[in-house]
Amino acid sequence: MEEMFRKKAEATRRLVEAAEEAHLQHEENPDLQYEYFNAVLINEVDEDGNSVELGGEFLLEPNDHFNNLSVNLSLSVVQVPTNMYNKDPDIVNGVYWSEALNKVFVDNFRRDPTLIWQYFGSAKGFFRQYPGVKWYPDEHGVIAFDCRNRKWYIQAATSPKDVVILVDVSGSMKGLRLTIARQTVASILDTLGDDDFFNIIAYNQEIHYVEPCLNGTLVQADSTNKDHFKEHLDKLFAKGIGLLGNALSEAFTILNEINQTGRGSSCSQAIMLITDGATEMYDDVFAKYNWPERKVRIFPYLIGRESAFADNLKWMACANKGYFSQISTLADVQENVMRYLHVMSRPKVIDHEHDTVWTEAYVDSALGENKGPNPMTTVAMPVFSTKNETKNQGILLGVAGTDIPIQELMKVIPKHKLGIHGYAFAITSNGYLLLHPDLRPLYQEGQKRKKPSYSSVDLSEVEWEDTEDVLRTAMVNRKTGTFSMEVKRTVDKGKRVLTMHNDYYYTDIKGTPFSVGVALSRGHGKYFFKGNVSLEAGLHDLEQPDVALADEWTYCTTEEHHEHRHLTQVQAIKIYMTSRKPHFKCDRELIQQVLFDAVVTAPVEAYWTGLALNKSENSDKGVEIAFLGTRTGLSRTNLFVVPEQLTNRDFLTAEDKEGVFNADHFPLWYKRAAEQVPGTFVYSIPFSSGGENKSVVLASTAIQLLDDRKSPIVAAVGIQMKLEFFQRKFWTASRQCNALDGKCTISCDNEDIKCYLIDNNGFILVSEDTSQTNLFFGKVEGAVMNKLLLMGSFKKINLYDYQALCKEYAGSSDSARTLLDPFTTVKWLLTELVIFLLEFNLYSWWNCDSTVKAQRSQRTMMVPCDTEYPAFVSERTIKETTGNIDCNGCIRTFVIQQIPSSNLFMVVVENKCDCGSALPVTMEPIEIIYNESLKCDRLKFQKDRRRPQSCHPFHPEENAVECGSANALSFPLVAILIPALSLVISR
């Protein structure tokens, strides 16, 4: 990971150096005319078929490295925000000199073909992006993207800051002015990042904290807190008179206290003043709190067209190293708010410190739907003017950056060494997730819509069992060490739970603000089975059509050179193992083991083929697929029906993310089989297979080696069968008894009983009422489920989801098998599926038909929330249990018995009592409601975080005269005022 990050940072540094040199050689020309490729206008024609201005023919070709977008690998394009003029002299000059970046973009990509988007965001507003790609407006014909509003730009341009926003809510601010003021506050919040702290105070004749619970303090500017304050902006109402002096005093007091206690950014500080005028200069307040050091900058925003009080506000800005802006309309807000960033960046520019910044994980949808919801991080550096004549002005030219997909980080993780349940994760200096298998940034899998706070999910919200934050604190502080705890991991859409003990190993990633950790589940990942086969045999079996390798695992790195990008992993392995000097890197140990797995599992292909040819083995095509996976990511599959006849066509495809080897997990059927007793089969109905036409049952088992008490699981094998086929086999078996004549005294056909087949998590596989299939048993038989919980046959495990969405309304074990004889396992599964069902003894089983149907309420919208929800798991040691339930004086009897060598239980319930009044046991999540006091505590509470090492709050050579459109305030006046005021202070 360090090597990957270093290469990306070097590419960005080359862009910075080229940009600064190009600007140094350029002379500004206000009359410059220059045609450039505008990202929106390229390949556009007018009514006569001619290229539009700033358009022109721009060659674009689809490229799989860039998500199959059509791009130009030779040129970059320029995007200009919709609210800016394409031919503004400042933009044209900037575009002209930044053309020099084209050859650096191309050279960077040649040096490191794993690079994706490279770009330069100008302080003037334009955005140069490589490779060139066409941009499309939204449905309103607008492209709202402004590079200066992106976190990578703001973090690179400025140092961390503490900000108090003062909003005038006196009577004169009524109407449009208050609307503009709200929008100005929202825009300021958008420019704050996770390293910044803020609060908002509304003032008239009194001081009103927008969030009353945060009186006298600042909060971290993460997305959750910013959204919280934005919701409160609508509660601002204008009335009374405005006493600015009291508000300024309060703001200075807060900033001073925060600075002394070290609870804020411990760097830059600023007061943003949003008002329609100030009747005086309040020099006494500034003299008391801010002079002569002037460590707190003042940024006044005059709302409205009136300029009567403009001079006083301009003076405040100039006397306190700030910047004055006047905002007359809503359209003026964005551009005027942005100006403060350039002032805050001055000290960094004068220091000429090219601090490298790294953003948290985010999903950038600037390029529209085609770009896809792939999380990424950005490495960025500021670009400065190096001209001697403007040095003390500290002119920021912009920010250069490049994106790093999180998927690329996952490729460097040797998944085969982490074991079946192991995973890697990484966090930022704020404790937020950069990489974690449980990070869910989207509202729904497969959709593009992002959750509001997806980029600030804390490590403590996914590793929530660490209640003391031991792991989080150590990683935030960039320690190297280990940690252990028992964890509960959900699988299968969160409906099933695995309890295990994890050992964590963590360290920092040098050159970045990130820390990386690895979680290994005890019992897995400690031992690794090794075997040797001849290279010829291994390559022969690896190239068979029924063999596939894990798509997202890296056996060979083929992306570091353009000429290798087209190679498949199998092709790369063959070249690597047969060439004397291969020109790419491979994991030799992993390749040797995958070749071994290919040879050892080869007999399965012939066995499956024989089964397919033997019509009597699978005459009704009930079994559709047989599959096998090994610990090296190798899989074999065999179809017993043509693809078009498959009941669930998504299984074992990229669409079935939980069912295949992924960058961050083994397949679900592999993981669940590994947690069962060796030789036991796991049966389940996939939750993703909704609808009768996709109703299937999966059965899988783990293959384990026994050697001197070391027992690594080396593979898993299974089948997919039709649900109807499986249920039919069950009903056939349930009608057979041990009596001499083969007749049953009582069977599931009897109206006095009701039979169910449930799995170890309580989900129904078979019921007489087919509509109950795959429902949770407690929802159908609440009274029985409650009794099973009381008896200890099942246990309830409480889980927590801090990335949840809530509705918001309007109004016995067999001997272990070895990998060397895998087809023994497969044959058992295919030929003895019915035999274990025949072991039922229905002599004393009864049933009751008591179904509770829950009606789903209509939802209006989903909003982020925290939830608590239960999962259920059977007690392995209990093989058979009988119980009674009192239903209003009527006694119901039930029996539950485990089916040998499986995760299944048969439940038979007597049907003579009406237990309809019993409440169902559901798995529905319950929203955690925080009372006002707890909400306030959560807002105030600050978890451990590591501040950025670089800080540039002010510089003695800074030219503070550039403080806004100060036409009425000349330099001599400022030069006279400041010393005079300093003299007053000294007295």
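Under an unreviewed UniProt entry, the chain has the name Voltage-dependent calcium channel subunit alpha-2/delta-3 isoform X5 and belongs to Danio rerio.

Enquirer: Give a detailed account of the state of the cysteines, specifying residues and quantitative values.
Expert: Tallying each qualifying case throughout the model produces eight disulfides. Put simply, Cys213 and Cys936 are joined by a disulfide, and their sulfur atoms are 2.2 Å apart. An S-S torsion of about 100° defines the bridge between Cys213 and Cys936 as right-handed. According to the relative accessible area criterion, Cys213 is buried, its value standing at 16%. Take Cys936: its relative accessible area is 11%, and that puts it in the buried class. The partner cysteine of Cys267 in its disulfide is Cys951, sulfur to sulfur 2.0 Å. A torsion of 110° about the S-S bond marks the disulfide between Cys267 and Cys951 as right-handed.

Enquirer: Go over the sheet that holds strand β3 (residues 77-79) with me, naming the residues and quoting the values.
Expert: What the six strands build is an open sheet, ordered β3-β5-β4-β16-β15-β14; its pairing is antiparallel. The sheet is open, and its two borders are formed by β3 and β14 (357-358), each paired with just one other strand. Relative to strand β16 (residues 396-405), strand β4 (residues 118-122) is paired through five bridges, and the arrangement is antiparallel. Each bridged residue has a counterpart across the sheet, and for Gln118 the counterpart in β16 is Thr402.

Enquirer: Summarise the packing of helix α16 (residues 569-578) against helix α17 (residues 588-600); cite the residues concerned and give the values.
Expert: Packed helices, taken two at a time, are described by the angle between their axes plus the distance between the axes. The geometry of α16 relative to α17 is characterised by a closest axis approach of 11 Å and an angle of 110° between their N-to-C directions. It follows from the interaxial angle that α16 and α17 lie roughly perpendicular. Here α16 contributes Ile573, Tyr576 and Met577 to the contact with α17, which in turn contributes Arg588, Ile591, Val594 and Leu595.

Enquirer: I'd love a proper account of the sheet that holds strand β1 (residues 61-63), names of residues and values included.
Expert: As summarised here, the arrangement of the three strands in space is β1-β2-β6, forming an open sheet in which the pairing is antiparallel. Looking at strand neighbours, the two that pair on one side only are β1 and β6 (132-133), the edges of this open sheet. Bridge count between β1 and strand β2 (residues 69-72): three bridges; the pairing is antiparallel. Within β2, the residue paired with Glu61 across the bridge is Val71.

Conventions and cut-offs
- Residues numbered from 1 in each chain as written.
- Predicted model: local features only at pLDDT ≥ 70, side-chain atom pairs only at ≥ 80, totals over all residues.
- Heavy atoms only, no water.
- Disulfide = S-S within 2.5 Å.
- Buried < 20%, exposed > 50% of the residue type's maximum accessible area, 1.4 Å probe, protein only.
- Pairing = 2+ DSSP bridges.
- Helix = DSSP H or I, 4+ residues; strand = E, 2+ residues; numbered from the N terminus.
- Axes fitted to C-alpha atoms, helices over the stretch in contact; angles between N-to-C directions.
- Parallel < 35°, antiparallel > 145°, perpendicular 65-115°, else oblique.
- Contact = heavy atoms within 4.5 Å.

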